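Spelled out from the first residue to the last, the chains are:
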Amino acid sequence: MKILLIEDDDRIAEPLAEELTHQRHVVDTALDGLQGWEYANSIEYDLILLDLMLPKIDGITLCKRLRSSQYKGLIFMLTARDTTTDKVIGLDAGADDYLVKPFEIEELAARIRALSRRSRELKESVLNYGELQLNPSTCNVTYKGKPLSLTPKEYMILEVFLRNPNHVFSRSALLDKLWEVEQISGEETIKTHLTNLRKKLRLAGSKEDLIETVYGIGYRLNKLFDIH
């Protein structure tokens, strides 16, 4: 992981940075909140270890500023204050976890590993196919970063394809997956939804049909779009 340690106490910062480096992390150290803010704006970090009591910009203010600037990485707050109120303030400001000084490096390392695992799991839950992205937790869909406004059925059809990128679906198979028995529609309904979905993808910048027709069989994702 690439870590930014923002800590004004050298007695803590130096051995902590050394130990994290020994654990094969890449670590930059900032000695005050302003320097930390400048680092965070110039380099993409996976994790920021943030002291609460900092000169120039305090930890709570900096945490809020980072989240307001759309920093998506992990923020781990370090503080000598061991009160529930302070922990709540830190977490509400946007921190992902909170550790009270003095602490054992083994506990910090274990907490970082746990946060990293959770972060990977959340990222993996987002469905990506080339420049198309579908987030099941928010139901947001984007293509080349542009949001797509889809109907519920268009969204459901797209999700089926993204969860089964190598599968060819016939119209009847899509009907079985997406329509309840009492709401069953004809196969032309599927064709209409696919036509509208393709139009929206092309308007977002797709030059070809992201969902291609396999003649005589059905539909699947176009492999030309899945470039990694």
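Look above for the structure.
The rules behind the values
Numbering of residues starts from 1 in every chain and runs along the sequence as written. Totals for whole chains, interfaces and linings use every residue, but because this is a predicted model, local features are given only for residues with pLDDT of at least 70 and side-chain atom pairs only at 80 or more, for both listing and counting. Side-chain measures were taken over the full set of non-hydrogen atoms in the model, leaving aside hydrogen atoms and water. Secondary structure follows DSSP: runs of H or I at least 4 residues long count as helices, runs of E at least 2 residues long count as strands, and numbering of each begins at the N terminus. Throughout, the radius of gyration refers to the C-alpha atoms, and the reference size of a globule is 2.2 Å times the residue count to the power 0.38. Contact definition: two residues touch when any of their heavy atoms are within 4.5 Å. The charged-residue count follows a simple rule in which Lys and Arg add positive charge and Asp and Glu add negative charge, with His and chain termini not counted at all. A charged residue contributes its charge at one atom only: NZ of Lys, CZ of Arg, CG of Asp or CD of Glu. Angular values range over 0 to 180 degrees, each being the angle between N-to-C directions of two axes fitted as lines to C-alpha atoms, with helices fitted over their stretch in contact. Roughly parallel means an angle under 35 degrees; roughly antiparallel, over 145; roughly perpendicular, 65 to 115; everything else is oblique. Each residue gets one of three labels, nonpolar for Ala, Val, Leu, Ile, Met, Phe, Trp, Tyr, Cys and Pro, charged for Asp, Glu, Lys and Arg, and polar for the others, Gly among them. Here, a strand pair is defined by DSSP locating no fewer than two bridges between the strands. What qualifies as a polar contact is a pair of N or O atoms within 3.5 Å, subject to a donor-acceptor requirement within protein and to the restriction that residues adjacent in sequence count only when both atoms come from side chains.

A. Spotlight on the overall build of the chain. Counting secondary structure elements, the chain contains 8 helices and 11 strands. Computed over the C-alpha atoms, the radius of gyration of the chain is 24 Å, more than 25% above the 17 Å expected from 2.2 N^0.38 for a compact globule of 228 residues. By principal-axis analysis of the C-alpha atoms, the chain measures approximately 70 × 35 × 30 Å. Counting contacts in the chain only where the partners sit at least 6 residues apart, residues at least 24 apart contribute 52% of the total. One finds the centroid of the 31 positive side-chain charges in the chain at a distance of 8 Å from the centroid of its 36 negative side-chain charges.

B. Just the packing of helix 6 (residues 152–163) against helix 8 (residues 187–203), in detail. Relative orientation of the contacting elements helix 6 and helix 8 amounts to 85 degrees, with a least axis distance of 10 Å. The angle between helix 6 and helix 8 places the two elements in the roughly perpendicular class. Here helix 6 contributes K153, E154, I157, L158 and F161 to the contact with helix 8, which in turn contributes I190, H193, L194, N196, L197 and K200. Among the residues making up the contact of helix 6 with helix 8, the classes are represented as 6 nonpolar, 2 polar and 3 charged.

C. Broad picture of the sheet that holds strand 8 (residues 140–143). Spatially, 4 strands are ordered 6-7-8-9 in an open sheet, and the strand pairing comes out antiparallel. Strands at the two margins of the open sheet, each flanked by one partner only, are strand 6 (127–129) and strand 9 (146–147). Looking at chain direction, strand 6 and strand 7 (residues 132–135) are connected through 3 bridges and run antiparallel. Residue pairing across strands places L127 opposite L134, the latter belonging to strand 7. Lying on the sheet, helix 6 is in contact with strand 6, strand 7 and strand 8; it crosses strand 7 at an angle near 105 degrees.

D. Structural context of the sheet that holds strand 2 (residues 26–30). With respect to topology, 5 strands assemble into an open sheet ordered 2-1-3-4-5, the strand pairing being parallel. Taken across any chain shown, the strands that pair with only one partner, and hence form the sheet edges, are strand 2 and strand 5 (97–100). Sheet twist, expressed as the average angle between the axes of neighbouring strands with direction ignored, equals 20 degrees. Across 5 bridges, the pairing between strand 1 (residues 2–6) and strand 2 is parallel. If you follow L4 over to strand 2, its bridge partner there is D28. Packed onto the sheet, helix 1 (residues 10–22) meets strand 1, strand 2, strand 3 (47–51) and strand 4 (74–79) and runs at close to 165 degrees relative to strand 2. Running at roughly 175 degrees to strand 4, helix 3 (residues 59–68) makes contact with strand 1, strand 3 and strand 4 of the sheet.

E. Region of interest: the side chain of D97. Mapped onto the elements, D97 comes out in strand 5. A distance of 3.1 Å separates polar atoms of two side chains, one belonging to D97 and the other to R111. In this view, D97 contacts I75, F76, M77, L91, R111 and L115; residues no more than four positions away in its chain are not counted.

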